[in-house]
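# Structure assessment
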Amino acid sequence: MPSPIILAKKIYKTYQNNTLYVNALNGVDMELPQGALAMIYGPSGGGKSTLLHLIGGIDRVQSGYLEVDGVCLHSANEKQLTQFRRDKTGFVFQFYNLLPSLNALDNVCLPLLAKGESIKQARRKGLLVLQQVGLLDRQRHRPGQLSGGEQQRIAVARALIVEPVLVLADEPTGDLDSHSTIELMDLITSLNQNLGITFLIATHNIDIRSAATHLFEMKDGILKMI
Amino acid sequence: MKLLYVLRFLINHIVRDWLRSTLTILSLSMIVFIFFLSSALISDMGNFGNGLIDVPQTLIFMSRNAMLPSDSQINTVDFDSYQTAIQDLFGAHAIKQSYTKIFRQLHYDGRSISLSTLTQDEMQDGADFFLLEGSWPNKKQEIVVTRAFNTITEKSIGDTMTIYGSEFLISGIINSEKWMAAVIFMPVSQAEKLYQTEGIFQLGFIQLNNDVDANLVQQFLETNLNDGDCCSVYQDDHFVALYRDAVKGIRFLARILQLIVLFLIAFGSYNASVLVLNEHEREIALLHVVGFSPKVINGILIFRLWILLFISYLLGYGLALIYSKWYLSNLRLAISGNLIRLEITWDSFLLGAGLIFLFAVISVWFSLRHQYTKNIHVSLQKVFTGRVG
Ligand SMILES: Nc1ncnc2c1ncn2[C@@H]1O[C@H](COP(=O)(O)OP(=O)(O)OP(=O)(O)O)[C@@H](O)[C@H]1O
Ligand SMILES: [Mg+2]
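The numbering scheme is per chain: residues are counted from 1 as the chain's sequence reads. Chain letters and ligand numbers both follow the written order, the letters beginning at A and the numbers at 1. Only residues with pLDDT of 70 or above have their local features reported here, since the model is predicted, and side-chain atom pairs are shown and tallied only from 80 upward, although totals for entire chains, interfaces and linings are computed over all residues. Hydrogens and water molecules were not included; the side-chain quantities draw on all heavy atoms of the structure.

### Structural notes on the overall build of chain A
Rule in force here: Each helix is a run of DSSP H or I of at least 4 residues and each strand a run of E of at least 2, with the numbering of both proceeding from the N terminus. A radius of gyration in this sense is built from C-alpha atoms; the matching globule rule multiplies 2.2 Å by the number of residues raised to 0.38. When accessible area is computed with a 1.4 Å probe and restricted to protein chains, residues below 20% of their type maximum are described as buried, those above 50% as exposed, and intermediate ones as partly exposed. Residue contacts are counted whenever heavy atoms from the two residues lie within 4.5 Å of one another. Surface accessibility follows the Shrake-Rupley procedure with a 1.4 Å probe radius. Residue values consider only the protein chains on display as shielding.
When helices and strands are tallied, chain A shows six helices and ten strands. For chain A, the C-alpha radius of gyration of 17 Å lies close to 17 Å, the compact-globule estimate for 226 residues. By the burial criterion, 55% of the 226 residues in chain A qualify as buried. Relative to all contacts within chain A whose residues are 6 or more apart in sequence, the contacts with residues 24 or more apart total 70%. Taken as a whole, chain A presents about 9,800 Å² of accessible surface, with 48% of it coming from carbon and sulfur.

Here is the structure:
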């Protein structure tokens with residue numbers, strides 16, 4: 001049996017605002033196999049984004065065990081986290097995914113530049129992933145010249161360029177109309193099926209539910225499989 | 001290659017942010033401008049004080065009731081009696097030389113300018129005076145002027161000027177470390193004729209021979225020959241020290257001004273850095289997410305601030321140069337005849353450049369320390385979940 005790509009045991013996360021404590025995660029257990037296309041639903045404030053940030057190595061767990069693709073994130077240091085973000089995961093947010101002063105191609109290339117690859121090589125790969133998301137003809141456009149749906153697909157392309165094992169998406173369709181939503185989900189589904197990339201998506205959108213292989217509900221900091 | 005890429009990216013970035021960038025550059029360049037002017041002022045003040053040479057063993061005589069040299073009135077009879085007294089007490093060879101100067105303060109072209117006489121001895125290159133251009137006065141109605149006079153008034157050799165109703169021709173420009181101010185010099189005989197004050201002058205000088213104790217002579221004269229109005233006796237090096245002290249005050253003020261300016265530059269670059277961090281928090285967070293290490297992000301931010309500071313610095317420098325040029329050809333302010341040149345020097349350029357680039361590193365480091373150690377996760381959350389506070 002292949003080891004799960006995400007393995008979480010009793011993870012807790014508390015935020016502190018001055019004297020106010022918010023328990024965002026109240027002992028989350030999770031196990032997700034490689035190649036899944038998982039979606040997390042749940043009310044606002046339930047802790048979805050918090051969980052995604054922890055799994056993506058952007059934030060740290062308070063206590064518990066969190067392993068993603070063999071990396072123990074609960075005990076990783078800052079350098080290991082940077083490396084993890086760079087090499088293993090891609091992130092797609094609801095909005096503001098791209099640097100406005102760079103064109104689409106250069107935005108896509110950023111993770112490779114962070115890795116230290118040459119600009120030439122990065123751009124060559126960048127063109128390939130732009131082709132994969134069907135936006136090769138938009139390579140010279142700045143984010144401001146692209147539609148919301150196109151921006152999200154560029155963000156997906158940027159996530160793909162490092163050949164990640166896991167792509168995390170936080171309400172990726174939140175700002176999109178139904179047509180763009182369908183386009184984006186088609187892209188994600190085909191990447192999941194053809195390249196075997198694992199996706200974990202936090203969303204409120206019921207319409208995309210049918211694409212999921214695994215469904216979760218997150219409420220009051222507790223994760224349940226549905 | 002990579003550096004160029006980052007440079008292009010950052011310039012692009014700065015240009016896109018043009019309004020904020022322009023304001024930052026303008027305010028920083030004004031501070032840089034003041035930095036250069038205050039540096040120039042300090043070196044001007046330094047020149048005034050350091051240019052003075054003191055002639056040892058020299059006593060200066062001025063009327064006891066005079067505040068300024070030009071108020072002094074000494075007659076030959078009194079001055080002679082001092083010399084006789086010195087010779088009586090300290091020996092016939094106690095005095096090396098003595099001479100007198102007529103000294104006036106003129107108003108010329110809206111400025112206060114000194115007029116002094118030259119002895120025959122002084123009218124040849126010596127310790128005190130150097131002829132820079134032209135010749136010493138050798139005809140009637142000829143004068144020489146100092147370089148400062150020449151610069152301040154733009155009167156030069158061959159020009160004439162009216163003094164006390166008479167026309168004089170400038171025959172030469174001289175330099176003297178002792179007379180750095182704007183001064184007109186004429187031979188004693190001409191001055192006596194011009195002012196019709198034969199037997200009366202403003203300043204008397206007695207240089208003593210080396211084996212005579214100048215302090216002792218001064219004390220003796222001050223205590224025993226102080227009847228009547230004549231004279232206060234100073235020692236030349238005391239005079240110089242007094243002058244240096246006066247200039248030191250102004251120099252100190254200019255230094256404080258410069259320190260304040262340096263502080264402002266440091267503060268300004270810190271401000272610019274914090275501004276960038278806040279305004280571009282999302283972009284910084286994004287760089288973080290895609291895997292740039294804090295170190296690299298720091299480097300990019302320092303580089304960005306450097307570009308801004310570099311532009312501001314060049315702009316401020318350019319403005320200071322232009323102002324300095326304009327000032328020298330139009331304003332030419334002087335402190336008691338000492339020209340303030342406001343010369344923008346290469347030294348201050350390098351000093352300022354070094355300091356400013358250091359400030360940039362420190363301020364980015366400071367502002368980022370805060371960001372990374374405490375806030376990076378919170379800031380990411382804030383940015384990507386649209387949650388504020
Ligand atoms: N930086 C923070 N400081 C304080 N509280 C926070 C912070 N981030 C999140 N929280 C709190 O943690 C809880 C979980 O937030 P989270 O953003 O994970 O919810 P979510 O499920 O993503 O909500 P939404 O569907 O609205 O995006 C909420 O109660 C929220 O107020
Ligand atoms: Mg959320």
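So, next bit.
### Here we look at the confidence of the model for chain B
Under the convention used in this document: A residue's pLDDT is the confidence the predictor assigns to it, expressed on a 0 to 100 scale.
Taken as a whole, chain B shows an average pLDDT of 84; of its residues, 90% reach a score of 70 or greater. Per-residue pLDDT, averaged within each element of chain B, yields its smallest value for strand S14 (residues 334–335) of chain B (72) and its largest for strand S7 (residues 142–146) of chain B (94).

### Comments concerning the sheet that holds strand S4 (residues 63–68) of chain A
Residue and element names in this part refer to chain A. Counted only if it meets this: DSSP calls a pair of strands paired once it identifies at least 2 bridges connecting them.
Pairing is antiparallel across the open sheet formed by four strands, whose spatial order is S2-S1-S4-S5. Strands at the two margins of the open sheet, each flanked by one partner only, are strand S2 (20–32) and strand S5 (71–72). The pairing of S4 with S5 spans two bridges and is antiparallel. Counterpart to Val68 in the pairing with S5 is Val71.

### Overview of the nonpolar core
Selection rule: To form a nonpolar core, buried Ala, Val, Leu, Ile, Met, Phe, Trp, Tyr and Cys residues must be joined to one another through side-chain atoms within 4.5 Å.
A:Ile11, A:Met30, A:Leu51, A:Ile55, A:Leu66, A:Leu200 and B:Phe36 are the most contacted members of the largest nonpolar core, which totals 123 residues. With 13 residues, helix H9 (residues 294–330) of chain B is the single largest residue contributor to this core. In this structure B:Phe36 touches B:Tyr313, B:Gly316, B:Tyr317, B:Ala320, B:Ile344, B:Ser348 and B:Phe349, once residues within four positions along its chain are discounted.

### Overview of the pairing of strand S7 (residues 166–170) of chain A
All names here are of chain A. Applicable threshold: Handedness of a crossover is defined as follows: orient the strands so they point away from the viewer, and if the path from the first strand over the helix to the second runs clockwise, the crossover is right-handed.
Along S7, five of the five residues are buried, which leaves the element largely enclosed by surrounding structure. What you see with S7 is no split at all: Leu166, Leu168 and Asp170 on one side and Val167 and Ala169 on the other are buried throughout. Judged from the four bridges that link them, strand S6 (residues 89–92) and S7 form a sheet pairing that is parallel. Residue pairing in the sheet places Thr89 in a bridge with Leu166 of S7. Across five bridges, the pairing between S7 and strand S8 (residues 198–202) is parallel. Paired with Leu168 across the two strands is Leu200, which belongs to S8. Taken together, S7, helix H6 (residues 178–195) and S8 constitute a β-α-β crossover, and its handedness is right-handed.

### Regarding the pairing of strand S1 (residues 6–17) of chain A
Residues and elements named next belong to chain A. Sheet topology places S1 next to S2; ten bridges connect them, and they run antiparallel. Paired with Ile6 across the bridge in S2 is Leu32. Connecting S1 to the antiparallel partner S2 that follows it, the hairpin turn spans two residues, and Asn18 within it adopts a positive phi of roughly 55°. Bridge count between S1 and S4: five bridges; the pairing is antiparallel. Residue Ile6 lies in a different strand from S4, and its bridge partner there is Val68.

### Considerations on the environment of B:Leu305
Residue and element names in this part refer to chain B. Counting through the fold element by element, Leu305 comes out in helix H9. With relative accessibility at 3%, the residue Leu305 sits in the buried group. Residues Leu305 and Val276, spaced 29 residues apart in sequence, show a C-alpha to C-alpha distance of 8.8 Å. Ignoring sequence-local partners within four residues, the contact set of Leu305 consists of Ser269, Ala272, Ser273, Ala360, Ser363 and Val364.

### Quick word on the interface of chain B and chain A
Short version of the rule: By buried area we mean the combined loss of accessible area, with a 1.4 Å probe, across both parts when two parts are placed together. Within this document, salt bridges are pairs made up of a side-chain nitrogen of Lys or Arg and a carboxyl oxygen of Asp or Glu, the two lying within 4 Å of each other. Residue type decides the class: Asp, Glu, Lys and Arg count as charged, Ala, Val, Leu, Ile, Met, Phe, Trp, Tyr, Cys and Pro as nonpolar, and the leftover types, Gly among them, as polar.
Taken together, the contact pairs 27 residues of chain B with 34 residues of chain A. Across the interface of chain B and chain A, roughly 2,900 Å² is buried in total on both sides, 63% from carbon and sulfur atoms. Across the chain B-chain A interface, the total number found is zero salt bridges. Looking at the side of chain B that touches chain A, the elements with two or more residues in it are helix H1 (2–16), helix H8 (281–289) and helix H10 (346–385) of chain B. In terms of residues, the side of chain B that touches chain A owes the most to one element, H1(B), which gives seven residues. Tallied by class, the residues present in the side of chain B that touches chain A amount to twelve nonpolar, ten polar and five charged.

### Quick word on the pattern of salt bridges
Where charged atoms from two side chains of opposite charge come close, those side chains can pair. All names here are of chain A. According to the stated counting rule, one finds 16 salt bridges over all chains in the structure shown. A salt bridge links Lys13 to Asp59; its shortest N-O distance comes to 3.4 Å. Here Asp59 lies in the loop between helix H1 (48–55) and S4 and Lys13 lies in strand S1, a separation of 46 residues in the sequence. Owing to a relative accessible area of 10%, Lys13 belongs among the buried residues under this scheme. Owing to a relative accessible area of 6%, Asp59 belongs among the buried residues under this scheme. Salt-bridge contacts for Glu78 lead to Arg60; the nearest nitrogen and oxygen are separated by 4.0 Å. Residue Glu78 is located in helix H2 (residues 78–88), and its partner Arg60 is located in the loop between H1 and S4; the two are separated by 18 residues in the primary sequence.

### Remarks on the side chain of A:Arg158
Defined as follows: Residues counted as positive are Lys and Arg, residues counted as negative are Asp and Glu, and His and the chain ends are not counted.
Locating A:Arg158 in the fold gives a position in helix H5 (residues 148–160). Of the side chains bearing the opposite charge, B:Glu283 lies closest to the buried A:Arg158, which forms no salt bridge; the N-O distance is 11 Å. Setting aside anything within four residues of it in sequence, one finds A:Arg158 in contact with A:Phe91, A:Asn97, A:Leu98, A:Asn107, A:Val108, A:Pro111, B:Leu286 and B:Val290.

### Focus: H1(A)
Residue and element names in this part refer to chain A. Burial analysis of H1 places eight of its eight residues in the buried class, which makes it a mostly covered element. Among all positions in H1, only Lys48, Ser49, Thr50, Leu51, Leu52, His53, Leu54 and Ile55 are buried. Remark: Gly57 follows H1 within two positions and exhibits a positive phi of approximately 75°.

### With respect to the packing of aromatic side chains
All names here are of chain B. So the rule is basically this: Under the pairing criterion, centres of Phe, Tyr and Trp rings, with the six-membered ring standing for Trp, must be within 6.5 Å; the plane angle then separates stacked pairs below 30 degrees from edge-to-face pairs above 60, leaving the rest tilted. Each ring is checked for a lysine NZ or an arginine CZ that lies within 6 Å of its centre and within 35 degrees of its normal; such an atom marks a charge sitting over the ring.
Applying the stated criterion to the full structure yields 20 aromatic pairs over all chains. A ring pair is formed by Phe61 and Tyr82, whose centres lie 5.1 Å apart and whose planes are at 65°; its orientation type is edge-to-face. Here Tyr82 lies in helix H3 (residues 76–90) and Phe61 lies in strand S1 (residues 58–62), a separation of 21 residues in the sequence. A single burial state applies to Phe61 and to Tyr82, both of which are buried. Geometrically, the ring pair formed by Phe90 and Phe220 is edge-to-face, given 6.0 Å between the ring centres and 75° between the ring planes. Separated by 130 residues along the polypeptide, Phe90 in helix H3 and Phe220 in helix H6 (residues 214–224) bring together distant segments of the chain. What makes Phe90 partly exposed here is its relative accessible area of 24%. Phe220 gets classed as buried once you look at its relative accessible area, which sits at 18%. Three or more aromatic residues joined by ring pairs form one cluster here, namely Phe35, Phe36, Tyr313, Tyr317, Trp346 and Phe349. Above the ring of Tyr195, the side-chain terminus of Arg104 is found at 4.2 Å from the ring centroid.

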